Every structure is written in C-alpha cells, then in structure tokens.
Amino acid sequence: MIDKTTASLTEALSQIKDGSTVMIGGFGTAGQPTELIDGLIELGIKDLIIVNNNAGNGDYGLAKLLKTGAVKKIICSFPRQLDSWVFDELYHAGKIELELVPQGNLACRIQAAGIGLGAVFTPTGFGTLLAEGKETRHINGKDYVLEYPIKANFALIKAYQGDRWGNLIYRKSARNFGPIMAMAADVTIAQVYEVVPLGKLDPEHIITPGIFVQHIVQVQPAQ
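Here the structure is a predicted model, which is why all the values come from computation and not from measurement. (Residues numbered from 1 in each chain as written. Predicted model: local features only at pLDDT ≥ 70, side-chain atom pairs only at ≥ 80, totals over all residues. Heavy atoms only, no water.)

Our focus in this paragraph is the overall build of the protein. Looking only at helices and strands, one finds six helices and 13 strands in the protein. In the protein, buried positions account for 47% of the 223 residues. For the protein, long-range pairs separated by at least 24 residues make up 74% of all intrachain contacts whose partners lie at least 6 apart in sequence. Carbon and sulfur atoms provide 53% of the accessible area of the protein, an area that totals close to 10,900 Å². If you average the places of the 20 positive and of the 22 negative side-chain charges in the protein, the two averages end up 1 Å apart. (Helix = DSSP H or I, 4+ residues; strand = E, 2+ residues; numbered from the N terminus. Buried < 20%, exposed > 50% of the residue type's maximum accessible area, 1.4 Å probe, protein only. Contact = heavy atoms within 4.5 Å. Areas by Shrake-Rupley, 256 points an atom, 1.4 Å probe, with all protein chains shown as cover. Lys, Arg positive; Asp, Glu negative; His and termini not counted. Charge placed at Lys NZ, Arg CZ, Asp CG, Glu CD.)

Turning our eyes to something else, we now look at the sheet that holds strand S8 (residues 152-158). Read across the sheet, seven strands follow the order S4-S3-S2-S1-S8-S11-S13 without closing on themselves; strand pairing throughout is parallel. Two strands close off the open sheet at either side, each with one partner strand: strand S4 (97-100) and strand S13 (215-218). Within the sheet, the average angular offset between the axes of one strand and its neighbour, ignoring direction, is 20 degrees. The sheet contact formed by strand S1 (residues 21-24) and strand S2 (residues 48-51) spans three bridges and is parallel. Bridge pairing in S2 places Thr21 opposite Ile49. (Pairing = 2+ DSSP bridges. Axes fitted to C-alpha atoms, helices over the stretch in contact; angles between N-to-C directions.)

Overall, the coordinates contain nine salt bridges when judged by the stated rule. Note that Glu99 and Arg109 form a salt bridge whose closest N and O atoms lie 3.4 Å from each other. Highlighted residues: Glu99 in strand S4 and Arg109 in helix H5 (residues 103-115), separated in sequence by 10 residues. The partly exposed category is assigned to Glu99, whose relative accessible area is 23%. Linking Arg109 and Glu147 is a salt bridge whose minimum nitrogen-to-oxygen distance equals 3.7 Å. Of this pair, Arg109 sits in helix H5 while Glu147 sits in strand S7 (residues 142-147); the two residues are 38 residues apart in sequence, bridging distant segments of the chain. (Salt bridge = Lys/Arg side-chain N within 4 Å of Asp/Glu carboxyl O.)

Moving on, we come to the sheet that holds strand S6 (residues 136-139). Strand order in the open sheet formed by three strands is S5-S7-S6, and the pairing between neighbours is antiparallel. Whereas interior strands pair on both sides, the edge strands pair on one side only; in this sheet they are strand S5 (120-122) and S6. Strand after strand, the sheet turns through a mean of 40 degrees between neighbouring axes, direction not considered. Relative to S7, S5 runs antiparallel, the two sharing three bridges. Residue pairing in the sheet places Val120 in a bridge with Glu147 of S7.

The next point concerns the nonpolar core. Counting 29 residues, the largest nonpolar core has Ile16, Val22, Ile50, Leu65, Ile74, Leu156 and Ile189 as the members making the most contacts within it. Broken down by element, the residue count for this core peaks at four residues, all from helix H3 (residues 62-67). Among all residues touching Ile74, those that are not within four sequence positions of it are Ile50, Asn54, Ala55, Leu62, Phe87, Ile96, Glu97, Leu98 and Glu99. Listed in part, the 25 residues of the second largest apolar core include Ile49, Leu106, Met181 and Ala185. (Core = buried A, V, L, I, M, F, W, Y, C linked by side-chain atoms within 4.5 Å.)

Turning to the environment of Ile45, a few remarks are in order. Mapped onto the elements of the fold, Ile45 is located in the loop between helix H2 (34-43) and S2. Between the alpha carbons of Ile45 and Ala30 there is a distance of 24 Å; along the sequence they are 15 residues apart.

Let us look at H5. Along its 13 residues, H5 runs 18 Å from first to last C-alpha, staying within 8% of the 18 Å computed at 1.5 Å per residue. Of all the positions in H5, only Asn105, Leu106, Arg109, Ile110, Ala112 and Ala113 are classed as buried. What you see down the axis of H5 is that its buried residues fit within an arc of 155 degrees, all on one side. More than 90 degrees from the buried face of H5, the exposed residues found are Gly104 and Ile115. Where H5 ends, the next residue or the one after it, Gly116, has phi of about 85 degrees, a positive value. (Expected span 1.5 Å × (residues − 1). Arc of directions from axis to C-beta.)

See the structure below:
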C-alpha cells in the first residue's frame with residue numbers, strides 16, 4: 001500500500017543534509033511552507049543553497065532561516081524589498097552569496113529541470129550584466145541567452161489538501177512555485193492543512209500528481 005504521509009516534520013526533513021540544495025515554494029509569504037522551514041531550522045543544517053522567489057520577509061519563514069546563518073547561497077528573483085532587512089544585513093556583511101535570476105527565467109529554469117531539458121534559450125537578460133559569460137544566439141531575428149536548468153536535492157512546498165498517494169491541490173495564489181519545484185527536486189516534501197481519504201480529491205483539480213511527491217505532512221492552520 002502506498003502511503004506517503006509522515007507523522008512528524010522532523011521525520012520528513014531528517015534526510016536533508018549539510019550542503020543540500022533546497023527549493024522553497026512561495027511568492028513572498030503566499031504559499032511559503034513556514035512549518036517546514038521552522039522544522040529545518042530545528043535540525044541545525046548548514047551550508048544550504050536555497051532557491052526561492054525572494055529572500056525572505058520580516059523575521060519569519062525564510063528570513064528566519066537566513067538569520068540562523070544556515071544558508072550560504074540563495075538563488076532568487078527579488079532579494080530586496082521593504083522588509084528584507086535580514087538578507088540585506090547578511091549580504092552587505094559578505095555572509096551570503098546571491099545568484100540573481102529574473103523571475104520568468106527562474107520559473108523557466110526550474111521547469112526545464114522538471115521536464116528534463118538540457119538548457120533553454122531566453123531573451124530575458126540579453127545585453128545585461130546577467131548575460132555576461134553566457135552563450136548567446138540569434139534566432140529568427142531575436143537575441144537569446146542560454147540558461148541551464150535549476151535542479152534541487154529537495155523541495156519544500158505548501159499545498160491545501162493531499163492524499164496518502166501524495167496528490168496535491170492548492171489554494172488560490174499559494175499555488176505559485178510549488179508545482180514546478182515538486183517536479184525539479186529529487187525529493188519533495190509537502191505540508192498540507194488536510195490529508196483526505198484516497199479518492200476524495202477531484203482528479204480534475206489535482207495540480208501536483210503524487211509521482212512528484214515523496215512525503216506529505218499535515219500541519220495545523222494558523223489561528
């Protein structure tokens with residue numbers, strides 16, 4: 001019997017080791033797997049490479065992880081916003097490395113890893129500092145930059161409901177990066193608010209099929 005539910009966050013996260021590349025879902029705080037991040041902090045793992053849309057907000061979630069010094073490099077699109085003081089302090093102190101990737105390219109590169117592409121040509125970034133040292137090509141009258149897939153050892157994502165096979169549905173904008181990150185990681189760990197009986201999820205509403213999920217953990221919704 002296939003049952004991917006895991007009783008505790010610690011049990012699901014315990015396979016993550018120092019130096020792992022970890023994708024963390026979310027667009028800002030929308031869809032951010034806060035409970036999984038807190039569990040990762042408790043394990044005390046170091047030298048992580050994090051892939052996320054931004055570099056944390058305030059002092060919670062991803063920013064809280066950065067503050068512990070556990071992250072040596074972050075790959076993201078929006079490292080600076082009004083409440084990104086944790087990242088700002090670390091970056092200006094030379095304590096974290098940044099790889100800046102335009103948001104469309106970030107999504108495209110993650111998707112490329114998920115569907116098994118070797119690389120993609122994108123017009124975004126051509127002629128800018130982001131294209132320095134990269135292969136370029138002129139195709140059908142337009143200039144492109146070669147970008148390589150972004151793959152991870154682990155993906156930590158947040159969904160709304162799931163079943164024991166790992167099938168997931170999301171709630172509104174919390175869907176964002178979760179589905180493509182689940183496809184681009186060796187191991188995907190999903191937190192959900194409810195694990196429902198097998199067959200209860202409408203197949204037409206399942207966004208992430210269970211084949212892309214290895215562990216599912218139920219957490220209590222914030223009050």
